[in-house]
Amino acid sequence: MAKIGINIATGSLQKQEMIVGIDLGTTNSLVAIIHPETGQPVVLKEHDGIALVPSIVHFGNEGQITVGDEAKKFLITEPGNTIFSVKRLMGKSYSDVKEHSSFFSYKIIDDNTESLVKIQAGARFYSPVELSSFILKELKTRAEHILKTPVTKAVITVPAYFSDAQRQATRDAGKLAGLDVLRIVNEPTAASLAYGMGLSREETKTIAVYDLGGGTFDISILRISGGIFEVLSTNGDTYLGGDDFDREIVKYWAAELGITDEELGVHKNLAQELRLIAEEAKKSLNVSDDFTGKVAGHEVKLKKQKFENLILPLIERTIQSCKNALKDADLTIGEIDEVVMVGGSTRVPLVKQSVSSFFKRNVHDSLNPDEVVALGAAVQADILAGNNKDFLLLDITPLSLGIETMGGLMDVLIPRNSKIPSKAGRQYTTQKDGQASMRIAVFQGERDLVKDNRKLAEFNLTGIPGMPAGLPKVEVSFLVNADGILVVKAKELRSGAEQSIEVKPQYGLTDAEVEKMLMDSIAHAREDIQVRALVEAQTEAKQIIDTTTQFITKNSIFLSEEEIKQTRHAMDSLSVLVNKGAKDEIQAGIERLNEISRPYAERLMDEAISKAMKGKSITK
Ligand code: ADP
Ligand code: MG
C-alpha cells in the first residue's frame, strides 16, 4: 500500500513511507491513513474487524502486557493490574488528580505531591508516558500488520486544552513506541480537517466542535482563517462522558433488581456484566424503542424514554459548557458557522438533537464520530508529507530547542515542528543558598540528555541577589523569529537582572544531519527515557533527603528518638540507592522514607495548626 516514488537524485524507485494519523483517546485509540488510491482518509482495521482499540493496558502475572479488547476483559475483575484512562494522567502530578483519586481503581503513587504521577502494577512502577507508549506500540504493530510496511512516522492528536507538559508527554510516548511524532494536532482541529474545513486558504469560518467521548466532554470554538486554526475558547468536563450514561443505566437496573452498591462492590463479575449490558442497551436504543437483556439469569429492560430521562441532566451539563465556551470566545450562537460532532457518545440521538437545537443549525455528523479525529490526523499527516500541494506548509523548526537542567537533562522549550515565529518561556530557580549566578546552556536536538544533543550557546546570568535556594525566579524565554534566529533571554524577576543571546540554530546543519539526529533519538528512545527517569528519581530522592534532614534538625525536640533513628536509617539507605540503585529501587526507597516521615509530619502539622489557632507557632 505504501507509495512508490522516484528519487530524483538517484533515478531509482523508492518506497515512500506512509505517515499515519493517530487518535490516542481516553477510552479508544485508532489509526488512519490517506488511502493511496482514492486519496480519501480511511481508518485502519483488520478484515471486517473494528478499528477502535480500547485504551486499556493489562499486566499479567508473568509481566505480559496486553492492550485493547483483551485487556478490557480484566477491567473489573483485576482492577489493580488493568490500567484505563491513562490519558487523564499525562503530564499530571498527584496533587492535580488527588480529588479524583477514587475514580482510578489502580494504584497511583503519591510519594511527592508535586512530582509526576506514577502507577504501580505488580512490583513495577510505570509513568503515564510508558503506559501510553504501550498503547501506541500496539497501534503501530497493528498498522504495520495491515499495511505490510514499517510505520515510523505519525501525527498524534491531543485535546485543545492540553498544556505544553501534556503535549510533550504525548510526544515522549510516541518516541518510546518507536514513532517519529511529526506533529501534535488539536483534536477539534483534526475533526474539522476531516470535514474538509480549513483546507482552503480563502476560507474564514468559526466552528464549534462538540466532543462527547467515553469519560470526557470538550467543547472547542475554533476560528480558521488563511489555513490557520486558532482556538478561541475551550470548555467541558473532564469527568463526564458516555460511561456515565452506562452508569445511570446500571444504577437504575440495580435498584430494580434490589442490588445494593456494596453488593456490586463485592460481586465484581456481576458489576462488570451489568456495565457491559448497559452499554449494549445504550447502543441499541439509538435505533429501537426498547431493550431487553439478561444479567445473571435476571431479565433487564429499558425503554428509550426512560433512558433519555436518565441522561438528560448529563446532556444539560454539556449544553451549559457550550454556553460558557461561547461567552469566553465573546461570540453569540448566530456567529457560529459550523457545528462538528465528535466522540462515540454523539451517536445518541438525544445528544445530537440537543446540540442541534442549542446551536439552531444542522450539525456535521456524516463521518463516524469515533473515527473523525483519526481521519483528520491522517489529513494533517498527508499535508506534512507534502502530498497536499494546495496547502502550503508554514516554516517550522526542524529540531527541538531547549536548555540544560538538573542532572544534564534536556528541557525542551520549543519542540521541533513548531511554527515559525514561535515563542516559549519557563521559570527556573537556584539550587544553592545564596547562588549569585546561573549558567544557561542552550541545546538543539531530540535526545533526553544534553550531552547527546548539539550545543548552540551558553551564558551566565549574573547579579542574582542572595536568597535561599528555590526563591529566585529566573524566567528563560526563547523566541524564534521569522528569519529562524533564536533569541534566548534570562531574567531574574525579583531583581530584574537580565541577559540575552542570539543564535542561528540551523547554521552549519545539513538536512542529512537533521535526519540523523532524529533517527538517533528514535534508536535510543528506550534508553534515553530510562536514563531520564533515573535522573529524575535521583534528583527527587536528593531533594527529599535534603528537606527531610532540614525538617528533623529543626523539629528534633518534637520527635522521638526512635523516629529520628528510623528516618536516618531510611535516608542512609536511600543515599546508597541514589548512587547505585535502579529507578524503581530509588522510588521504593523514597516511598519507604515517606512512610516513616508521614505520620510525624502530619502530627506536627496538626499541632502547628492548633497552636497557630492559639496564636503560637511551633517552628521558628
Ligand atoms: P474517547 O474519545 O473518550 O476515547 P470515543 O469517542 O471512542 O472515546 O467514545 C467512547 C464512548 O462512546 C463510550 O462511552 C461508548 O459507549 C460510546 N459509544 C460508542 N458507540 C456508541 C453508540 N453506537 N451509541 C452510543 N454510545 C456509543
Ligand atoms: Mg476522543
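Values in this document were obtained by computation on a predicted structure and should not be read as measured data.

J.: Could you give an account of the overall build of the protein, with specific residues and numbers?
T.: Regarding its fold elements, the protein presents 15 helices and 28 strands. Its C-alpha atoms give the protein a radius of gyration of 27 Å, within 12% of the compact-globule value 25 Å for 620 residues. For the C-alpha atoms alone, the extent of the protein along its principal axes is close to 70 × 70 × 50 Å. Looking at the protein as a whole, 51% of its 620 residues qualify as buried. Counting contacts in the protein only where the partners sit at least 6 residues apart, residues at least 24 apart contribute 63% of the total. Surface exposure of the protein reaches about 29,500 Å², of which carbon and sulfur atoms provide 51%. Measuring between centres, the 74 positive side-chain charges of the protein sit 3 Å from its 86 negative side-chain charges.

J.: Outline unusual backbone geometry, listing residues and values.
T.: The backbone of Ser 85 sits at a positive phi, close to 55 degrees, despite the residue not being glycine. Checked against the element boundaries, Ser 85 lands in the loop between β9 (82-83) and α2 (94-97). The phi torsion at Asp 330 lies on the positive side, around 60 degrees, for a residue other than glycine. Looking at Asp 330, the relative accessible area reads 68%, which means it is exposed.

J.: Break down the nonpolar core for me, with residues and values.
T.: If you look at soluble globular proteins, the nonpolar side chains tend to sit buried side by side. Grouped together as the largest cluster of nonpolar side chains are 95 residues, with contacts concentrated most on Ile 22, Trp 253 and Phe 359. With 10 residues, the single largest contributor to this core is helix α9 (residues 304-329). Residue contributions to this core reach at least three from each of two domains, namely domain 1 (1-195 + 367-393) and domain 2 (199-363). Residues in contact with Ile 22, not counting those within four places in the same chain, are Leu 30, Val 31, Leu 136, Leu 139, Ala 154, Val 155, Ile 156, Thr 157, Leu 179 and Ala 377. Listed in part, the 33 residues of the second largest apolar core include Ala 51, Ala 191, Ile 207 and Ile 383.

J.: Lay out the pattern of salt bridges with the relevant residues and their values.
T.: Inspection of every chain in the model, using the stated rule, returns 35 salt bridges. The salt bridge partner of Lys 283 is Glu 279, with a shortest N-O separation of 3.6 Å. Of the two residues, Lys 283 and Glu 279 both sit in helix α8 (residues 268-284), four residues apart, roughly one turn of that helix. Residues Asp 448 and Arg 532 are paired through a salt bridge, measuring 2.4 Å at the closest nitrogen-oxygen approach. Pair noted here: Asp 448 is in the loop between β24 (438-444) and β25 (454-461) and Arg 532 is in helix α13 (residues 525-554), with a separation of 84 residues, a long-range link. Considered together, Asp 448 and Arg 532 belong to a single accessibility category, that of buried residues.

J.: Could you give me a rundown of the sheet that holds β25, with the residues and numbers involved?
T.: Read across the open sheet, the four strands follow the order β22-β21-β24-β25; overall the sheet is antiparallel. The open sheet is flanked by β22 (409-414) and β25, the only strands paired with a single partner. Adjacent strand axes in the sheet meet at a mean angle of 30 degrees, parallel and antiparallel pairs treated alike. The pairing of strand β21 (residues 401-405) with β22 spans five bridges and is antiparallel. Its bridge partner being in β22, Glu 404 is matched across the sheet by Met 410.

J.: Any chance you could break down the domain arrangement of the protein for me, citing the residues and the numbers?
T.: The domain architecture assigned to the protein consists of domain 1 (1-195 + 367-393), domain 2 (199-363), domain 3 (401-510) and domain 4 (527-613). For domain 1 and domain 4, the distance between their C-alpha centroids amounts to 36 Å. Close ionic contact of Glu 130 with Lys 583 constitutes a salt bridge, the shortest N to O distance being 3.7 Å. If you look at where domain 1 meets domain 4, you find zero residue pairs in polar contact (both at pLDDT 80 or more). When the residues that make up the side of domain 1 that touches domain 4 are grouped by side-chain class, the tally is three nonpolar, two polar and seven charged.

J.: Provide a residue-level description of the packing of helix α4 (residues 164-176) against α13, including the pertinent values.
T.: Running from amino to carboxyl end, α4 crosses α13 at an angle of 135 degrees, the nearest separation of the two axes being 8 Å. In terms of their interaxial angle, α4 and α13 are classed as oblique. In this structure, α4 contributes Asp 172, Lys 175 and Leu 176 to the contact, and α13 contributes Ala 525, Arg 526 and Ile 529. Broken down by class, the residue content of the contact of α4 with α13 amounts to three nonpolar, no polar and three charged.

J.: Would you mind going over the packing of α9 against helix α10 (residues 349-359) in detail, with residue names and values included?
T.: Taken N-terminus to C-terminus, the directions of α9 and α10 make an angle of 35 degrees; their axes are 9 Å apart at the nearest point. For the pair α9 and α10, the sense of crossing is right-handed. Contact residues: Lys 304, Glu 308, Ile 311, Leu 312, Ile 315, Ile 319, Cys 322, Lys 323 and Leu 326 in α9; Pro 349, Leu 350, Val 351, Ser 354, Val 355, Phe 358 and Phe 359 in α10. Each residue belonging to the contact of α9 with α10 can be placed in one class, and the counts come to 12 nonpolar, one polar and three charged.

J.: Before we move on, can you summarise the confidence of the model for the protein with the specific residues and values?
T.: Per-residue confidence for the protein averages 88 on the pLDDT scale, and 93% of its residues sit at or above 70. Confidence drops under a pLDDT of 50 for residues 1-14, and excluding neighbours within four residues, the segment shows 24 contacts in the predicted structure. Note on residues 616-620: pLDDT is under 50 here. Beyond four places in sequence and across chains, it has seven contacts.

J.: Can you lay out the pairing of strand β19 (residues 298-303) for me, pointing to particular residues and giving the numbers?
T.: With six bridges connecting them, strand β18 (residues 290-295) and β19 associate as antiparallel partners. Bridge pairing links Val 295 to His 298 in β19. Between the end of β18 and the start of β19, which pair antiparallel, lie two residues, with Ala 296 showing a positive phi angle near 45 degrees.

J.: Pulling in residues and values, what's your account of the site of ligand 1?
T.: Of all residues adjacent to ligand 1, which total 18 residues, the nearest are Thr 27, Asn 28, Glu 279, Lys 282 and Asn 286. Thr 27 is positioned with one of its side-chain polar atoms (N or O) 2.7 Å from an oxygen atom of ligand 1. Taking Ser 345, its main chain carries an N or O atom lying 3.3 Å from an oxygen atom of ligand 1. Starting from 580 Å² of accessible surface for ligand 1 in isolation, the protein chains cover 89%. Breaking the shell around ligand 1 down by element, the ones donating at least two residues are α6 (242-257) and α8. Ranked by residue count, the leading element in the shell around ligand 1 is α8, at three residues.

Thresholds applied
- Residues numbered from 1 in each chain as written.
- Chains lettered and ligands numbered in written order.
- Predicted model: local features only at pLDDT ≥ 70, side-chain atom pairs only at ≥ 80, totals over all residues.
- Heavy atoms only, no water.
- Helix = DSSP H or I, 4+ residues; strand = E, 2+ residues; numbered from the N terminus.
- Rg over C-alpha atoms; globule rule 2.2 N^0.38 Å.
- Buried < 20%, exposed > 50% of the residue type's maximum accessible area, 1.4 Å probe, protein only.
- Contact = heavy atoms within 4.5 Å.
- Areas by Shrake-Rupley, 256 points an atom, 1.4 Å probe, with all protein chains shown as cover.
- Lys, Arg positive; Asp, Glu negative; His and termini not counted.
- Charge placed at Lys NZ, Arg CZ, Asp CG, Glu CD.
- Core = buried A, V, L, I, M, F, W, Y, C linked by side-chain atoms within 4.5 Å.
- Domains from an automatic or database assignment.
- Salt bridge = Lys/Arg side-chain N within 4 Å of Asp/Glu carboxyl O.
- Pairing = 2+ DSSP bridges.
- Axes fitted to C-alpha atoms, helices over the stretch in contact; angles between N-to-C directions.
- Polar contact = N/O pair within 3.5 Å; in protein donor to acceptor, adjacent residues only side chain to side chain.
- Nonpolar A, V, L, I, M, F, W, Y, C, P; charged D, E, K, R; others polar.
- Parallel < 35°, antiparallel > 145°, perpendicular 65-115°, else oblique.
- Left-handed = near helix turned anticlockwise from the far one by under 90°.
- pLDDT = per-residue confidence, 0-100.
- Near = heavy atom within 4 Å.

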